[in-house]
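# Observations on chain architecture
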Amino acid sequence: MASPARTELLGLYRSLLRTAREFCDYNVREYVKRRTSDGFRQNRNLTDPDLIASVYREGKNQLAVAKRQALVYSIYAPKVKSIMELDAAITTNTTN
């Protein structure tokens, strides 16, 4: 397999971050965003085309898993917001 183009890699990065926003739970959402950023930062200096293609395939697999998990989490979302979400809502309301 040929090495994916830069636009494909950036598209994967954006898709993972968009999928992270779909999680209802603050902790899971932040974990997925952090894991995405860390993974791309860790692999930023790869030069071997075969290794880049392999990492890209793994990223696509992780995107599929994240999308499935976001769906499952939305079905069984907790009714109570976390303290971080409540704090953010209070801060937003007091500044308006």
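An unreviewed UniProt entry lists the protein under the name Complex 1 LYR protein domain-containing protein, with Xanthoceras sorbifolium given as the organism.

## As for a positive patch on the surface
The grouping of R14, R18, R21, K60 and K67 at the surface amounts to a positive patch. When contributions to the positive patch are tallied by element, the ones reaching two or more residues are helix 1 (6–21) and helix 3 (49–75). For the positive patch, the leading source of residues is helix 1, giving three residues. On the secondary structure map, R21 appears in helix 1.

## Some remarks on helix 3
Given a rise of 1.5 Å per residue, 27 residues ought to cover 39 Å, and the 39 Å separating the end C-alpha atoms of helix 3 matches this to within 8%. Those residues of helix 3 that sit buried are I52, A53, Y56, G59, L63, A66 and A70.

## With respect to the nonpolar core
Counting residues in each nonpolar core, the largest one holds five residues, listed as A20, F23, V28, V32 and A70. Non-local contacts of F23, meaning those with residues more than four positions away in its chain, are made with V28, R29, V32, A66, Q69, A70 and Y73.

## Overview of the packing of aromatic side chains
The final tally for this structure, using the stated rule, is two aromatic pairs. Their ring planes at 70 degrees and their centres at 4.9 Å tell us that Y13 and F40 sit as a pair that is edge-to-face. With a gap of 27 residues between them, Y13 in helix 1 and F40 in helix 2 (residues 26–42) connect regions that are remote in the sequence. Looking at Y13, the relative accessible area reads 25%, which means it is partly exposed. Consider the rings of F23 and Y73, whose centres lie 5.5 Å apart with planes at 80 degrees: the pair is edge-to-face. Here F23, found in the loop between helix 1 and helix 2, pairs with Y73, found in helix 3; they are 50 residues apart in sequence, far enough to count as distant. For Y73, a relative accessible area of 33% gives the class partly exposed.

The rules behind the values
- Residues numbered from 1 in each chain as written.
- Predicted model: local features only at pLDDT ≥ 70, side-chain atom pairs only at ≥ 80, totals over all residues.
- Heavy atoms only, no water.
- Patch = residues over 30% accessible without salt bridge, like charges linked within 9 Å, V, L, I, M, F, W, Y side chains within 5 Å.
- Areas by Shrake-Rupley, 256 points an atom, 1.4 Å probe, with all protein chains shown as cover.
- Salt bridge = Lys/Arg side-chain N within 4 Å of Asp/Glu carboxyl O.
- Lys, Arg positive; Asp, Glu negative; His and termini not counted.
- Charge placed at Lys NZ, Arg CZ, Asp CG, Glu CD.
- Helix = DSSP H or I, 4+ residues; strand = E, 2+ residues; numbered from the N terminus.
- Expected span 1.5 Å × (residues − 1).
- Buried < 20%, exposed > 50% of the residue type's maximum accessible area, 1.4 Å probe, protein only.
- Core = buried A, V, L, I, M, F, W, Y, C linked by side-chain atoms within 4.5 Å.
- Contact = heavy atoms within 4.5 Å.
- Phe/Tyr/Trp six-rings, centres within 6.5 Å; stacked < 30°, edge-to-face > 60°.

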